[in-house]
Amino acid sequence: ELSRISGRVGCNGYGGDMTKLTSSTFHVGILLQLLMYCIHDGVMDQEDSFMHLLTDRSFYYEIVDLDGQDAKMLVLSELINATGGNAKKGEVVARFVQVHDAADSRDDKRSVGVADMDSNNSFHTDATTDVRMTKATGVGASEVVTKKKGGLFNAYQTAPLHQGYGTHYATIWVGTPPQRKSVIIDTGSHYTAFPCKGCDNCGEEHHTDKYFDPDASSTFRALTCSECQSSSCSGDRCVFSQTYTEGSSWHAYESIDKVFVGGKDVKDSMDPKNHAFKSDFLFGCQTKETGLFVTQLADGIMGMSAHPSTLPKVMYEQGKLEHNMFSMCFRRELHVSKQGIVAGILTLGGIDTRADTSPMVYARNVATTGWFTVYVKNIYVREKGGQSAKPDDPQQRLQRVTVDLFEMNSGKGVIVDSGTTDTYLHKSIAEPFNEVWQKVTGRSYSNTPVAMSKKDLLLLPTVLIQMAAYDDVPNPLAHDIEMVSGLVGEADPSSPHDIILAVPATHYMEYSPSKGTYTPRLYFTETRGGVIGANAMQGHNVLFDWENRRVGFAESSCEYQRNDELTTDQGSMEVNCNLGNPSLSVSCGDSVDLSKCKRNSNPDMTLTGSEVWTRVVQSPGTPQGLTCEELSISQNAMNGGGTMEVQCDGRGICREIRPCLITCANAHASGSVGDDGGLSPMPGNSADNCGGGTWSACDYTCSQTRINTILMR
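Rules and cut-offs
Residues numbered from 1 in each chain as written. Predicted model: local features only at pLDDT ≥ 70, side-chain atom pairs only at ≥ 80, totals over all residues. Heavy atoms only, no water. Core = buried A, V, L, I, M, F, W, Y, C linked by side-chain atoms within 4.5 Å. Buried < 20%, exposed > 50% of the residue type's maximum accessible area, 1.4 Å probe, protein only. Pairing = 2+ DSSP bridges. Helix = DSSP H or I, 4+ residues; strand = E, 2+ residues; numbered from the N terminus. Axes fitted to C-alpha atoms, helices over the stretch in contact; angles between N-to-C directions. Contact = heavy atoms within 4.5 Å. Expected span 1.5 Å × (residues − 1). Arc of directions from axis to C-beta. Phe/Tyr/Trp six-rings, centres within 6.5 Å; stacked < 30°, edge-to-face > 60°. Disulfide = S-S within 2.5 Å.

Some words on the nonpolar core
Ranked by size, the top nonpolar core spans 75 residues in total, and within it Leu-346, Phe-433 and Met-467 carry the most contacts. Counting 18 residues, the second largest nonpolar core, distinct from the first, contains Met-18, Leu-53, Phe-59 and Tyr-61.

Points about the sheet that holds strand E28 (residues 499-503)
If you trace the four strands from one edge of the open sheet to the other, you get E24-E23-E27-E28, paired in antiparallel fashion. Every other strand in the sheet has two partners, leaving strand E24 (398-401) and E28 as the edge strands with one partner each. For this sheet, the mean inter-axis angle between neighbouring strands, taken without regard to orientation, is 30 degrees. With five bridges connecting them, strand E27 (residues 462-467) and E28 associate as antiparallel partners. Its bridge partner lying in E28, Gln-466 is registered against Ile-500. Contacts between helix H9 (residues 430-441) and the sheet are confined to strand E23 (376-382), E24 and E27, with E24 contributing the most and set at about 160 degrees to the helix.

Side note on H9
At 3.6 residues per turn, the α-helix brings residues three or four places apart onto the same side. For H9, built from twelve residues, the straight-helix expectation of 16 Å at 1.5 Å per residue is met to within 8% by its first-to-last C-alpha distance of 16 Å. The set of residues buried in H9 consists of Pro-432, Phe-433, Val-436 and Trp-437. Within H9, the buried residues cover an arc of 135 degrees as seen down the axis, which keeps them to one side. Facing away from the buried side of H9 by more than 90 degrees, the exposed set consists of Glu-431, Glu-435 and Lys-439.

Observations concerning the packing of aromatic side chains
The tally for this structure, following the rule as stated, stands at 21 aromatic pairs. Arranged with centres 5.0 Å apart and planes meeting at 65 degrees, the rings of Phe-372 and Phe-544 form a pair that is edge-to-face. Of this pair, Phe-372 sits in the loop between strand E21 (361-364) and strand E22 (373-374) while Phe-544 sits in strand E33 (residues 540-545), placing them 172 residues apart in sequence. Note on Phe-433 and Tyr-445: the rings are 5.1 Å apart at their centroids and 85 degrees apart in plane angle, and the pair reads as edge-to-face. Taken together, the residues span a long stretch of sequence, with Phe-433 in helix H9 and Tyr-445 in the loop between H9 and helix H10 (454-459) at a distance of twelve residues.

Quick look at the state of the cysteines
Using the criterion set out here, one finds nine disulfides in the structure. Two residues, Cys-329 and Cys-558, share a disulfide whose sulfurs are 2.0 Å apart. Classification of the bridge connecting Cys-329 and Cys-558 rests on its S-S torsion, roughly -80 degrees, and on that basis the disulfide is left-handed. Linking Cys-329 in strand E19 (residues 325-330) with Cys-558 in the loop between strand E34 (550-555) and strand E35 (578-579), this pair joins segments that are 229 residues apart in sequence. Just as Cys-329 is buried, Cys-558 falls in that class too. The disulfide that involves Cys-577 links it to Cys-628, with 2.1 Å between the sulfurs. Disulfide Cys-577-Cys-628: torsion about the S-S bond near 90 degrees, hence right-handed. On the criterion of sequence distance, the pair formed by Cys-577 in the loop between E34 and E35 and Cys-628 in helix H15 (residues 628-638) is long-range, its members being 51 residues apart. A single burial state applies to Cys-577 and to Cys-628, both of which are buried.

This is how it looks when you write it as structure tokens:
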């Protein structure tokens, strides 16, 4: 069915033929366009991008109602295999929002001012709908727009977070060609820094990657003294340093290079989707480290506070993101490894809600710059535990702790800090908190290690933190406030739409496998303000929205989801073995002899061990392709994995054995899965549900192997 498509973009009109393929798909042919000169900068570039987006392409379309608005939105998605017999919907490429104030006549449409181009230029489709559409925000336009303010979330990026020693880290790729660096995500600091070649005693043997080599990057540039940003001049370099509360520090010189976030595999460094977010970014090239920076797993640190030097802000200013915000979601795994244990999600420019189990609710960010700061109004202790802000049963009663609001929120206030492992609240709360704790548990609260069973752990109280809501207007999600997990509801009738953050015992109690004890990691020691640390954030998708001055919280499994294409068995063709993702079976901490640490009191003593990773053979491939051993070795070499031995048993399982180094302190901190004192499953789950029914793929002999696994939360 042949129809016409026409409209205006920039300061010119366009038109052409459109073929309706089905009730929800169409193909746009060659479009003709007027070529009047546009005087405003960037308008003609946007015209070209818009025309490239539409011309000679097939689309799947949907018309949707906008929530809370008397308007519609046309959503265009790429139509894959449009001429074949198996057409399917692809990624969204553009959205157009209905215009209400555009006049019906063509003369009126032409009278629209160019300065209002983003909101008032029309897109008219005779074959699909009679309403005019506007605001094209497609991927084609992203290459020519300097800054995407207020877009419809067409430009955001999701990447995995990995487990570190008490922190979580992301992978960034730096330079041309890209070099891999792992950095702690720290919302409590401003600057990004990692060791560069020549760094003095910076712990390369403990980190995931080798030092960054500036000489190997064609785009690297060290700032000269005339360009210093947050530094001072020394020897024609802009030098600066950073010291942290627990005593660690680093020294560096300011540098600029191409930087983007991605996964840890080498193929991520070549993914054009990741390269679309590449930005010119200023960071510290470290020359010296002290303290925990030397022995930590991550190479460096990436400050993600509300500061102009942070990567999300820079990406936003350079037009890579539509919104100046990011979200992070992480959980605590029992293992730590140089190879990377995926334990969460980092989303730049938006929110990835696929793993969330409750709606996002928003607390007000009371600071304009510096840190993401919430206003704490109440602390509660809930009897008989529970993992969610919403109680499991009526017996889980709340006990309110008396809080001095002025003292609690004094100084810099209460900041949300992913770089601080534990949670620290004002010292004025210590005594009233202890009174409530003693009333609920029958014993005093202290930070002294205690021995207890996993069952007793789950019965410990859940601590809840009430924060001032972002907006006093009722949350539209909360038709029944008590049904929304994350809102305070009847616990505080004066502010029922305030936010409440649940910190269960499985998060605030830290287990020591070497001693078989749990240590409470909620501290009431701050003289001004406080810190909501990583142990309170875990199990939540937390949005840091500088643009709208809010911090969002949603309960979540924090499971990173990625769709990778799997190779299938093609008979006599050359098909490689296909291995599943590696699963850590024996950690470095589990493999070393901890008795050596007992004989030597030095916590930085380095032990040598071996990690064992298990991979399921999803398809054995064909004799013409790579064997499973060859594939494993090839992938390891591609990703710079170092020395490794591979053993495939011929029954659907391959084991990768890697040498490793770990300090006594980190071995104790990382824990041991084989010890029965580890964190227990959540109520209602059984460890049997994890391992009992897991089998490998069927190989040519049609034999399968049961995989012994341990529940990890």
